[in-house]
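Report on the structure
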Amino acid sequence: MTHPSIVILTGAGISAESGLGTFRDEGGLWAQHRIEDVATPEGFARNPTLVVDFYNARRAQAHEAVPNAGHAALARLQAEHKGEVLLVTQNVDSLHEKAGGSDVVHMHGELASALCSNCGHRWTAPLHMEVGEACPTCAQPTARPDIVWFGEIPYHMERIEAALAQADIFAAIGTSGNVYPAAGFVQMARYVGARTVEMNLDPSQTVDLFEDTRPGKASETVPQWVDDVLNG
Ligand code: NAD
Ligand code: ZN
């Protein structure tokens, strides 16, 4: 395997050392809100102001955040590895891009993007979104954060599944393995015979499905793993 095809899945844990709280962190944004209120289409229909404000706060935090050594190492892998590297993230921040990552697949959407729920048009979100902002294409007051909420279908699944079907290596980094379909990617990768590695602070829900587990902080485990891959 000179140039293995690699699929990487990242979650909130890779951004933790950049100061963006994971979903379980005490005192973080998530601890102050119920998922049903801020991360479902029903919650948005009930109280759009609460939801838009919640994502405005997350967008402001993410805007200030700087990438850490984990993001930088993955950008280096994308730049230097001669085979395919698909970087899939569940994160809605832009830290992979800020670190120099290319072609980052945001399966759960992005804080940096706004979506029209009337016509499906997407545009760059302002730092502070207003409720009922008009869509630049259809002029309806139907702007929303371009975030995949619980009960909605993740983005780019065809592309991700196609890459998993060709994968030689699958790595999951900083993700708890609670949310599907992402939590099922390791099984798809194993099915085609890919080598699988987990890099997480605590063992994930699916840790037993990985051949190689590298516990620890992403800022330490990821650069080490990238060195191992690049040195073949
Ligand atoms: P998560 O918060 O569920 O898990 C983060 C994982 O990162 C944990 O297993 C933790 O051990 C690990 N971690 C923490 N610090 C780390 C570090 N420095 N280095 C390496 N690992 C570290 O986040 P997730 O898995 O990304 O969640 C998946 C998706 O779930 C999210 O994209 C989001 O759309 C959705 N979501 C989940 C919840 C929830 O309660 N699980 C709530 C809202 C949204
Ligand atoms: Zn529109």
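Cut-offs and rules
Residues numbered from 1 in each chain as written. Chains lettered and ligands numbered in written order. Predicted model: local features only at pLDDT ≥ 70, side-chain atom pairs only at ≥ 80, totals over all residues. Heavy atoms only, no water. Domains from an automatic or database assignment. Contact = heavy atoms within 4.5 Å. Buried area = accessible area lost by both parts, 1.4 Å probe. Salt bridge = Lys/Arg side-chain N within 4 Å of Asp/Glu carboxyl O. Polar contact = N/O pair within 3.5 Å; in protein donor to acceptor, adjacent residues only side chain to side chain. Helix = DSSP H or I, 4+ residues; strand = E, 2+ residues; numbered from the N terminus. Near = heavy atom within 4 Å. Areas by Shrake-Rupley, 256 points an atom, 1.4 Å probe, with all protein chains shown as cover. Nonpolar A, V, L, I, M, F, W, Y, C, P; charged D, E, K, R; others polar. Donors = N, O, S within 2.8 Å, 3.2 Å for Na, K, Ca; no water. Tetrahedral: all angles 85-135°; square planar, octahedral: opposite > 155°, others 65-115°.

Regarding the domain arrangement of the chain
- Taken domain by domain, the chain consists of domain 1 (1-20 + 67-108 + 154-232) and domain 2 (21-64 + 113-147).
- Here the C-alpha centre of domain 2 lies 26 Å away from the C-alpha centre of domain 1.
- Taken together, the 12 residues of domain 1 in the interface contact 12 residues of domain 2.
- Of all residues in domain 1, Leu20, Val92 and Tyr155 bury the most surface against domain 2, accounting for 52% of the area lost on that side.
- There are zero salt bridges connecting domain 1 and domain 2.
- Counting across the domain 1 and domain 2 interface gives four residue pairs in polar contact (both at pLDDT 80 or more).
- Broken down by element, the side of domain 1 that touches domain 2 gets its largest block of residues, three residues, from helix 1 (residues 12-16).

Let's talk about the site of ligand 1
- Taken together, 23 residues form the shell around ligand 1, and within it Ala12, Arg24, Thr175, Ser176 and Asn200 come nearest.
- Asn200 has a polar side-chain atom sitting 2.8 Å from an oxygen atom of ligand 1.
- Here a nitrogen atom of ligand 1 sits 3.2 Å away from a polar atom, N or O, in the main chain of Leu201.
- In the complex, the protein chains occlude 89% of the 830 Å² of accessible area that ligand 1 would expose alone.
- The element contributing the most residues to the shell around ligand 1 is helix 1, with three residues.
- For the shell around ligand 1, the per-class residue count stands at nine nonpolar, 10 polar and four charged.
- Residues from two domains meet in the shell around ligand 1; each of domain 1 (1-20 + 67-108 + 154-232) and domain 2 (21-64 + 113-147) gives at least three.

Examining the coordination of the zinc ion (ligand 2)
- Around the zinc ion (ligand 2), the protein contributes the donor atoms Cys116 (SG), Cys119 (SG), Cys135 (SG) and Cys138 (SG), which lie 2.3 to 2.4 Å from the metal centre.
- Coordination geometry of the zinc ion (ligand 2): the four donor atoms subtend angles of 106 to 116 degrees at the metal centre, consistent with an arrangement described as tetrahedral.
- Between consecutive donor residues of the zinc ion (ligand 2), the sequence gaps follow C-x2-C-x15-C-x2-C. Residue Cys116 is located in strand 4 (residues 109-116), and its partner Cys135 is located in the loop between strand 5 (122-124) and strand 6 (143-147); the two are separated by 19 residues in the primary sequence.

What about the side chain of Gln78?
- Mapped onto the secondary structure, Gln78 falls in helix 5 (residues 69-80).
- Engagement of the side chain of Gln78 in a polar contact is seen with the backbone oxygen of Ser102, the distance being 2.9 Å.
- Apart from the residues within four sequence positions on either side, Gln78 is in contact with Val85, Leu87, Gly101, Ser102 and Asp103.

A few points about the side chain of Thr196
- With respect to the element layout, Thr196 can be found in strand 8 (residues 195-199).
- A distance of 3.0 Å separates a polar side-chain atom of Thr196 from the backbone nitrogen of Glu211.
- Setting aside anything within four residues of it in sequence, one finds Thr196 in contact with Phe170, Val186, Ala189, Arg190, Leu209, Phe210, Glu211 and Asp212.

So, the pattern of salt bridges
- If you walk through the whole model with that rule in mind, you get nine salt bridges.
- The shortest N-O distance in the salt bridge between Asp37 and Arg46 comes to 3.4 Å.
- One salt bridge connects Asp146 with Arg122, and the closest N-O pair in it is separated by 2.7 Å. On the criterion of sequence distance, the pair formed by Asp146 in strand 6 and Arg122 in strand 5 is long-range, its members being 24 residues apart.

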